[in-house]
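# Notes for the structure review
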Amino acid sequence: MNSLQEIAEFLQTCHSVLVTAHLSPDGDSIGSTIAMGLALERLGCKVTMFSIDGVPERFRFLSGSEKIVEHTLPETVYDCVLVLDCADHFRLLPIWEQIKDNRIINIDHHSTNELFGDLNYVDHKAAATGELAFALLEELKVPLDFTIAESLYVAISSDTGSFKFENTTTQTHIIASKLLAAGVNPGLITPKLFDLRSTAALMLLKKALCSLKISADGKMAWMVLTQADMQETAAKEEDLDGLINYAKNIEGVEVGILFREQKDGTIRIGFRSQNIDVSKIASKFGGGGHLRASGCSLSSSLEEATEIILTAVREEISG
Ligand SMILES: [Mn+2]
């Protein structure tokens, strides 16, 4: 593992940098990408900001989001590739072959991070990669302007559920106070991130709730969404965001699970928990994530996947 100082020193020697994050980007990925991208531009770098799956609609209000190149990499050779918020190379799979021969810097806060970079900085106590980006900007001595501050606020606010998850620390609030001092207005950002829903997202929620089942002991709740559900509601990937919490937030439920049939027929499984370490469950099936939020994929039918996963979760709950 390297220090942020070493990483900052190396970045200062780079002329062309690709800044990117994991597929199916969340607010932390997009916010950190913009903040680091703009900061490196201010240092005179030629920066390419890139998102494999594009920029979800609700982050497009961020100034700088229009600079993010989507889906197809414009070039494959850079002085360095800065990968943010990404636990392993599988979450970069669509571009991994194209970028893997570059010098890779891996900055992340997932405890399951595989240290796939040439330089790695992983702090699983950080609530968001945005906190690490903030610290790196200080190392790089890039002043915090409003645009960078707003991106970092979106990053940190997203991963802490607006400062209410248990990953929120005094450091989180210290950073947030500096972002507010730079002009960020939480009252304008929070509704955009957490309250506003597309019609498709609400119709999808309706389908998910219709599929909701709870185990006899009340400790597991799960929902199932098929490709037909996605098509009938015209929902996009981003409309799934936060949906799983309806299963987790039921009184007495230890683990909430969402089964999603993917376009290629595989089943994507998301886990959210109150106390159970669900990163352990996801790891068993080649996935990963955080203690209370993780995911994995299975190549089987929905019925088989449900059976296999519910058995594994039941085992973990009974300890
Ligand atoms: Mn994150």
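As the structure is a prediction and not an experimental result, all values here were calculated from the model. (Residues numbered from 1 in each chain as written. Predicted model: local features only at pLDDT ≥ 70, side-chain atom pairs only at ≥ 80, totals over all residues. Heavy atoms only, no water.)

### Considering the overall build of the chain
Note the threshold: By the criteria applied, helices consist of DSSP H or I runs no shorter than four residues and strands consist of E runs no shorter than two, each listed in order from the N terminus. Radius of gyration: C-alpha atoms only; globule rule: 2.2 Å multiplied by the number of residues to the exponent 0.38. For the exposure calls, accessible area comes from a 1.4 Å probe over protein chains only, and a residue counts as buried if that area is under 20% of its type's maximum, exposed if over 50%, partly exposed in between.
Within the chain, the secondary structure is distributed over 12 helices and 12 strands. Against the 2.2 N^0.38 benchmark of 20 Å for 319 residues, the chain shows a C-alpha radius of gyration of 19 Å, consistent with a compact globule. Viewed in the frame of its principal axes, the chain has a C-alpha envelope of about 60 × 40 × 40 Å. Counting over 319 residues, the chain shows a buried share of 54%.

### As for empty space enclosed by the protein
Cut-off, in case you're wondering: Only protein atoms enter the 1 Å grid used here. Points where a 1.4 Å probe fits but cannot escape make up a cavity, open sets with protein on both sides within 12 Å along at least five of seven lines make up a pocket, and a residue lines them when an atom lies within 4 Å of a point. Grid points are joined across faces, edges and corners, and a volume is the space filled by probe spheres set on the points.
The full count for this structure, using the stated rule, is 1 cavity of 30 Å³ or more. The space that makes up the largest cavity amounts to roughly 30 Å³. Looking at the largest cavity, the residues that line it are T20, A21, H22, P25, S29, I30, T33, F50, S51 and I52. For the lining of the largest cavity, the elements supplying multiple residues, two or more each, are β1 (16-21), α2 (27-42) and β2 (46-51). It is α2 that contributes the most residues to the lining of the largest cavity, 3 residues altogether.

### Digging into the pattern of salt bridges
Our working rule: The term salt bridge refers to a side-chain nitrogen of Lys or Arg lying within 4 Å of a carboxyl oxygen of Asp or Glu.
Under the counting rule described, the total for this entry stands at 13 salt bridges. For the salt bridge of E166 with R292, the shortest nitrogen-to-oxygen distance reads 2.7 Å. Here E166 is found in the loop between α5 (146-159) and α6 (170-181), whereas its partner R292 is found in the loop between β11 (288-289) and β12 (293-298), with 126 residues between them in sequence. Linking E237 and R260 is a salt bridge whose minimum nitrogen-to-oxygen distance equals 3.4 Å. Of this pair, E237 sits in the loop between α9 (227-233) and α10 (245-248) while R260 sits in strand β9 (residues 255-261), and the two are 23 residues apart along the sequence. Given the relative accessible area of 43%, E237 is considered partly exposed. R260 gets classed as buried once you look at its relative accessible area, which sits at 14%. Overlapping salt bridges bring together E57, R60 and E70 as one network.

### So, the pairing of β2
Put simply, the rule is: Two strands qualify as a pair provided DSSP detects at least 2 bridges between them.
Burial within β2 is extensive, with 5 of its 6 residues counted as buried. Examined bridge by bridge, β2 and strand β3 (residues 69-70) share 2 bridges and lie parallel to one another. Looking at the pairing, S51 lines up with E70 of β3.

### Focus on the side chain of S273
What counts is decided by this rule: N or O atoms within 3.5 Å of each other form a polar contact, as long as, within protein, one can give a hydrogen and the other can take it, and as long as residues adjacent in sequence are counted only when both atoms are side-chain atoms. Residues count as neighbours in contact if any of their non-hydrogen atoms are within 4.5 Å of one another.
By the element assignment, S273 lies in strand β10 (residues 267-273). Of the residues examined, S273 reaches a relative accessible area of 4% and is grouped as buried. Polar contacts involving the side chain of S273 include one to the main-chain carbonyl oxygen of I276, which spans 2.5 Å. Discounting residues that sit within four places of it in the chain, S273 has contacts with K248, E254, V255, V278, L291 and R292.

### Description of the packing of helix α4 (residues 129-140) against α6
When two helices pack together, their arrangement is given by the angle between the helix axes and the distance between those axes. Which entries qualify depends on this criterion: Lines fitted to C-alpha atoms define the axes here, with helix axes fitted over just the stretch in contact, and angles between the N-to-C directions of these axes take values from 0 to 180 degrees. Should an angle fall under 35 degrees it is called roughly parallel, over 145 degrees roughly antiparallel, and 65 to 115 degrees roughly perpendicular, with every other angle called oblique. Crossings are classed by handedness, with left-handed meaning an anticlockwise turn of the near helix from the far one by less than a right angle and right-handed meaning a clockwise turn.
At a minimum axis separation of 11 Å, α4 and α6 run at an interaxial angle of 60 degrees. Compared by their axis directions, α4 and α6 come out oblique. For α4 against α6, the interelement crossing comes out left-handed. Residue-level inspection shows E131, F134 and E138 of α4 in contact with α6, the latter providing Q171, T172, I175, K178 and L179.

### Notes on the sheet that holds strand β8 (residues 220-225)
Overall, mixed pairing links the 6 strands, which are arranged β7-β8-β9-β10-β12-β11 in an open sheet. Edge positions in the sheet fall to β7 (213-214) and β11, since each has one partner strand and no second. Examined bridge by bridge, β10 and β12 share 6 bridges and lie antiparallel to one another. Bridge pairing in β12 links R268 to S297. Seen against the sheet, helix α12 (residues 302-318) touches β8, β9, β10 and β12 and runs at an angle of roughly 165 degrees to β9.

Read these as spatial facts, not as claims about activity.
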